[in-house]
Every structure is written in structure tokens, then in C-alpha cells.
Amino acid sequence: MKTTTLCYIEKDHKYLMLHRTKKKNDASEGKWIGVGGKVEPGESVEECLLREVFEETNLTLTAYEKRGVIHFKSDQWEEEAMHIYTATDFTGNLAGDCVEGELAWIPVDEIMELPLWEGDRIFLKKLQEDNEKFYMTYTYTGEKLSEVLDYIENSEILAEK
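Quantities reported herein were computed from a predicted structural model and do not represent experimental measurements.

Asks: Outline the overall build of the protein chain, listing residues and values.
Replies: Counting secondary structure elements, the protein chain contains three helices and eight strands. Counting helices and strands in the order they occur from the N terminus, the protein chain gives β-β-β-α-β-β-β-α-β-β-α. Taking as baseline every contact in the protein chain between residues at least 6 positions apart, the subset at least 24 positions apart corresponds to 65%. By element, 47% of the accessible surface of the protein chain is carried by carbon and sulfur atoms, the whole surface being about 8600 Å².

Next comes the structure, spelled out in C-alpha cells:
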């Protein structure tokens, strides 16, 4: 199972979103997501978060919080444990170009109008509505979300930074 990070950076009631348009063989091609990526060998989840955000945006996070973990199961892709973060402060200037797609500040109230993964709509709503941490399992059949399991906040995985 691969471990990944995904971060939603917020500024002026907008999230920094990545429109996945450039990467070859991208399961998320054409969709809008936060920024992040795969944890490398010997790297902590937090180190991955900071590295991936910097690589994709040229921003250095200075205030961020782990909000949840989603375990993805699929009939087409490798199982994945995705650590979801929000960030409210950073330094640096936004990169003019990202190798994975186009970066844009999208008003939070317009996010649900974008082409998103079906499951992303569920956790994005949680990010916007409350500050509770979450741990869920999503099962996908193709691009269709076929099952969602939402667990009570008692998982040690959420305690990790």
C-alpha cells in the first residue's frame, strides 16, 4: 500500500487547487485536487507534505494541521493511505508553473462545481463544515465510489503529525 499526502492551502476563503492536466498516465487527469504526493522511503508523512507542497507550489507551509486519513481501495489502482491536511499560512511566492497541472486559487464556495473525485466531495465538505478529524475508507469500482466507511475518531493514525 502506498502512503500519500494531500493538502488544501487556504487564503482569503479560497483553496489552492491543482487541475491535473500534464502528467502522463494520471489517474486524476482532468480533476481538481489539493497538492501533495507519495511518501518516499525513509521520509515521514510530515516531511512528505512539506516537500511535495514546496515542489508543486514553491510555498513553504508555516501553519498546517492533519485533518484526516482516507484508506482507498480500488479495482484498478494500488491501495493507498492518504493523509489529508489543511494549511492556513505559508511563505514564498506561488510557482508560475507546476509539472502536474495548473494551480489556481478557487473560492471555497465554488469548489463543489469543479470536476472532482466523488469521494473528495465528501471530505471537502467535512473540511469546510467542521474541525473534526476523520478516518474513512473509500472503495472505488473504476471511477465510481462504491462504498464509504466512516470511523469514529479514535485511530492512532490521526495522532501522527
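Asks: Give me the lowdown on the nonpolar core, citing residues and values where you can.
Replies: Cys7, Tyr8, Ile9, Met17, Leu61, Ile84 and Phe123 are the most contacted members of the largest nonpolar core, which totals 42 residues. It is strand 5 (residues 80–91) that provides the largest number of residues to this core, a total of five residues. Once residues lying within four places of it in the same chain are set aside, the contact partners of Leu61 are Cys7, Ile9, Leu49, Leu50, Val53, Ala87, Asp89 and Phe90.

Asks: I'd like a description of helix 2 (residues 118–129), backed by residues and values.
Replies: Between the first and last C-alpha of helix 2 there are 18 Å, a value that for 12 residues agrees with the 16 Å anticipated at 1.5 Å per step. The complete set of buried residues in helix 2 reads Gly119, Asp120, Phe123, Leu124 and Leu127. When helix 2 is viewed along its axis, its buried side chains cluster within an angular range of 130 degrees and face the same direction.

Asks: With reference to specific residues and values, describe the packing of aromatic side chains.
Replies: Under the defined criterion, the tally for this structure stands at 10 aromatic pairs. Considering the side-chain rings of Tyr64 and Tyr85, the 6.3 Å spacing of their centres and the 65 degrees angle between planes classify their relative orientation as edge-to-face. Here Tyr64 is found in strand 4 (residues 60–74), whereas its partner Tyr85 is found in strand 5, with 21 residues between them in sequence. Aromatic pair Phe72 and Tyr138: ring centres 5.5 Å apart, planes at 85 degrees, arrangement edge-to-face. Placement of the pair is Phe72 in strand 4 and Tyr138 in strand 7 (residues 134–141), with a sequence separation of 66 residues. You can call Phe72 buried: its relative accessible area is 12%. Owing to a relative accessible area of 0%, Tyr138 belongs among the buried residues under this scheme. Counting every residue linked through ring pairs, the aromatic cluster contains Phe72, Trp77, Trp117, Tyr138 and Tyr140. Note that Lys31 overlies the ring of Trp117, its terminal NZ or CZ placed 4.5 Å from the centroid.

Asks: Pulling in residues and values, what's your account of helix 1 (residues 45–57)?
Replies: The first and last C-alpha atoms of helix 1 sit 18 Å apart over 13 residues, in line with the 18 Å expected at 1.5 Å per residue. All of the buried residues in helix 1 are Val45, Cys48, Leu49, Glu52, Val53, Glu56 and Thr57. One face of helix 1 carries all of its buried residues, which in axial projection span an arc of 120 degrees. Taken together, the buried residues of helix 1 touch strand 1 (2–11), strand 2 (14–20), strand 4, strand 5 and strand 6 (101–107).

Asks: Which residues make up the environment of Lys144, and what are the values?
Replies: Examined against the element boundaries, Lys144 turns out to sit in strand 8 (residues 144–151). Separated by 70 residues in the primary sequence, Lys144 and Ser74 place their C-alpha atoms 9.6 Å from one another. When sequence neighbours within four positions are dropped, the list of residues in contact with Lys144 reads Glu118 and Thr139.

The rules behind these values
- Residues numbered from 1 in each chain as written.
- Predicted model: local features only at pLDDT ≥ 70, side-chain atom pairs only at ≥ 80, totals over all residues.
- Heavy atoms only, no water.
- Helix = DSSP H or I, 4+ residues; strand = E, 2+ residues; numbered from the N terminus.
- Contact = heavy atoms within 4.5 Å.
- Areas by Shrake-Rupley, 256 points an atom, 1.4 Å probe, with all protein chains shown as cover.
- Core = buried A, V, L, I, M, F, W, Y, C linked by side-chain atoms within 4.5 Å.
- Buried < 20%, exposed > 50% of the residue type's maximum accessible area, 1.4 Å probe, protein only.
- Expected span 1.5 Å × (residues − 1).
- Arc of directions from axis to C-beta.
- Phe/Tyr/Trp six-rings, centres within 6.5 Å; stacked < 30°, edge-to-face > 60°.
- Lys NZ or Arg CZ within 6 Å of the ring centre and 35° of its normal.

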